[in-house]
Structures are given as structure tokens and as C-alpha cells.
Amino acid sequence: MSYVIDPPPRPALPVRGGGLFPVRRVYCIGRNYAAHAVEMGGDPNREPPFFFQKNPDDLDPSGRFPYPRRSRNVHHEVELAVALAAGGEEIPVERALALVWGYAVAIDMTRRDLQDEAKKLQRPWEVAKAFARSAPIGELVPASAIGHPSRGRIALEVDGALRQEGDLAQMIWKVPEIVATLSQYFTLAPGDVILTGTPSGVGPVERGQRMRATIEGVGELEVLVV
Ligand code: MN
């Protein structure tokens, strides 16, 4: 059987040193740094993690972020992205890192105005989180080259001014725990990408501004808001 329309291209991420990583799904964890949980009005304690999704083609390595229509308050959230080479269900914490192919610097762009409205009305978050090109992402670096980062500075500047700063060690749920917990609810598979939450200091961007996100030991990402 042949397709009745041309199949859409498979989203893929450039890898440092060459090659492409094909993306299947994008999962995100909310409120995974205590100081950010507090700034969002939440509990900084270790309450169970919660997850949402973006679309595979929302990941955007172009270095440009088109400001979305129908929003007036769009925030940056710098996050460590984790790319899986293998999947499964009910993965034990001790086996979780063996599934990880590599890491990247990403920004979970969020239409905060629409998210606030969705929270108030108890509606889902897709319009606030899973919009086109909502996840600028840098080149993927293999764990075989950098290991599995569990500490290191994570920061984001806008036009040279520091906005977000934290350390990967401040994650409430660590990468192996995130993978293990996700796999209790979803069947994970090769090509899945997980955004692991943001430190405090989230805030709005405007067209013409330049974001610079860095994660020690992983890389950096520059994105122009257009
Ligand atoms: Mn986020």
C-alpha cells in the first residue's frame, strides 16, 4: 500500500560531530527545581512529578524563535534535554541511564498568558506549550562523549542580562528517576526526547531579543526572537 498523501518529514536533531537524531515524541516535566516551583506558586517539596508533551516538530534547531500570534506574555524556560536510544515500560531507576543516547540545551518556550488562563479554567496546556517551534534546541551531544551530567551550571541570558541560573544538581527528580517514572505511564521508545524542567528566573521575551542558554558540560544555544 502506498501513502495517499506525501508523508511529512520526520523531525530530527543535528548531532555534534555529524549525523541526525530522529525524534519520536517529546515529554516535559513540570516544576522540577524547587525555586521555580515556588515562583509558579507551587510546593517546593518532592511531590510526584507531572508530565506534559510537546510535538516532535516543535523542536527547532534553527536558532530563531518566531513570537507566536495571540500571546502577549511568552516566557523562556532553559532545560536539559535528554534523548533516548532505547525505551520500554516500568524501567528501573538503576537501568534508566543506559537508555540515554545524549543531551542538549533546550528552551521550553511557554505562552504564559494562555497557560495561566488554562490553569484557571482547568483546561489542558497544549496551546500554551505545544505550539509551533516552541522548543528551540541546540545540537545533541552523545553521552559517550560527555557522560551523564548530574551537576553543572544551567543558565539563560536575554540580551546579555542574566535571567535564569541554577545547577543540574538542584533537580528535584533526577534524570534516571524522570525516565523511570515516565515509563510507568508511557511506553518509551528510541527517539523520545525529555525536557527535564527549568530553574527559577523564567520571564518574558520580546521580538528582537537574543536568548543565550548554557549548560555546563553540555553546550550552549543562541536564539533570536523574531
Ligand atoms: Mn518547562
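Residues numbered from 1 in each chain as written. Predicted model: local features only at pLDDT ≥ 70, side-chain atom pairs only at ≥ 80, totals over all residues. Heavy atoms only, no water.

Looking only at helices and strands, one finds 6 helices and 18 strands in the protein chain. Here the C-alpha atoms of the protein chain give a radius of gyration of 17 Å, agreeing with the 17 Å that 2.2 N^0.38 yields for 226 residues. Taking the principal axes of the C-alpha coordinates as reference, the protein chain spans close to 45 × 45 × 40 Å. Within the span of the protein chain, comprising 226 residues, buried residues form 49% of the whole. Counting only contacts in the protein chain whose residues sit at least 6 apart along the sequence, the fraction spanning at least 24 positions is 75%. One finds the centroid of the 26 positive side-chain charges in the protein chain at a distance of 4 Å from the centroid of its 28 negative side-chain charges. (Helix = DSSP H or I, 4+ residues; strand = E, 2+ residues; numbered from the N terminus. Rg over C-alpha atoms; globule rule 2.2 N^0.38 Å. Buried < 20%, exposed > 50% of the residue type's maximum accessible area, 1.4 Å probe, protein only. Contact = heavy atoms within 4.5 Å. Lys, Arg positive; Asp, Glu negative; His and termini not counted. Charge placed at Lys NZ, Arg CZ, Asp CG, Glu CD.)

Around the manganese ion, the protein contributes the donor atoms Glu77 (OE), Glu79 (OE) and Asp108 (OD), which lie 2.0 to 2.2 Å from the metal centre. Along the chain, the residues donating to the manganese ion are arranged with the sequence spacing E-x1-E-x28-D. You can see glutamate 79 sitting in strand β8 (residues 78-84) and its partner aspartate 108 sitting in the loop between β9 (100-107) and β10 (110-111), a full 29 residues away along the chain. Classification of aspartate 108 as buried rests on a relative accessible area of 0%. (Donors = N, O, S within 2.8 Å, 3.2 Å for Na, K, Ca; no water.)

This part is about the nonpolar core. Burial of nonpolar side chains together is a common tendency in soluble globular proteins. Counting residues in each nonpolar core, the largest one holds 43 residues, and the members touching the most others are Val179 and Met211. Of all elements in the fold, only β3 (26-29), β8, β9, β13 (153-158), α6 (175-185), β17 (210-215) and β18 (219-225) reach the threshold of two or more residues within this core. In this structure methionine 211 touches Phe65, His76, Ile107, Met109, Glu157, Val158, Val205, Leu221, Glu222, Val223 and Val225, once residues within four positions along its chain are discounted. (Core = buried A, V, L, I, M, F, W, Y, C linked by side-chain atoms within 4.5 Å.)

One open sheet holds the 5 strands; their spatial order is β6-β18-β17-β13-β14, and the pairing between them is mixed. Unpaired on one side and paired on the other, β6 (64-65) and β14 (161-167) mark the two borders of the sheet. Of the strand pairs in this sheet, β6 and β18 are connected by 2 bridges, and their pairing is parallel. Pairing of arginine 64 across the sheet is with leucine 224, part of β18. (Pairing = 2+ DSSP bridges.)

The subject of this paragraph is unusual backbone geometry. The backbone of arginine 31 shows a phi angle near 45°, a positive value even though the residue is not glycine. In the Ramachandran plot, glutamate 90 falls in the positive-phi region, its phi being about 50° despite a non-glycine side chain.

Note on placement: glutamine 184 falls in helix α6. Judged by relative accessible area, glutamine 184 falls into the partly exposed class, the value being 45%. Taking the C-alpha atoms as reference, glutamine 184 lies 26 Å from isoleucine 137; in sequence the two are 47 residues apart.

Moving on, we get to the sheet that holds strand β16 (residues 203-204). In space, the 3 strands of this open sheet follow the order β10-β7-β16, with antiparallel pairing throughout. Lying at the two open borders of the sheet, with one neighbouring strand each, are β10 and β16. For strand β7 (residues 74-76) and β10, the ladder comprises 2 bridges, and the chain directions are antiparallel. Residue histidine 75 lies in a different strand from β10, and its bridge partner there is threonine 110.

Let us now look at the side chain of aspartate 58. Structurally, aspartate 58 is set in the loop between β4 (51-54) and β5 (59-60). For aspartate 58, which is buried and forms no salt bridge, the nearest opposite charge comes from lysine 54, at a distance of 6.0 Å. Not counting residues within four places of it along the chain, the set of residues in contact with aspartate 58 comprises Ala130, Phe131, Ala132, Arg133, Ser134 and Ala135. (Salt bridge = Lys/Arg side-chain N within 4 Å of Asp/Glu carboxyl O.)

Bringing the environment of glutamate 139 into the picture now. Mapping glutamate 139 onto the fold places it in the loop between β11 (135-136) and β12 (141-142). Residue glutamate 139 is classed as partly exposed on the basis of its relative accessible area of 40%. For the pair glutamate 139 and aspartate 43, spaced 96 residues apart in the sequence, the C-alpha separation amounts to 33 Å. Excluding residues within four positions of it along the chain, glutamate 139 makes contact with Pro14, Arg16, Tyr103 and Ala104. A distance of 2.9 Å separates the side chain of glutamate 139 from the side chain of arginine 16, its partner in a polar contact. (Polar contact = N/O pair within 3.5 Å; in protein donor to acceptor, adjacent residues only side chain to side chain.)

All we've got here are geometric facts, nothing functional implied.
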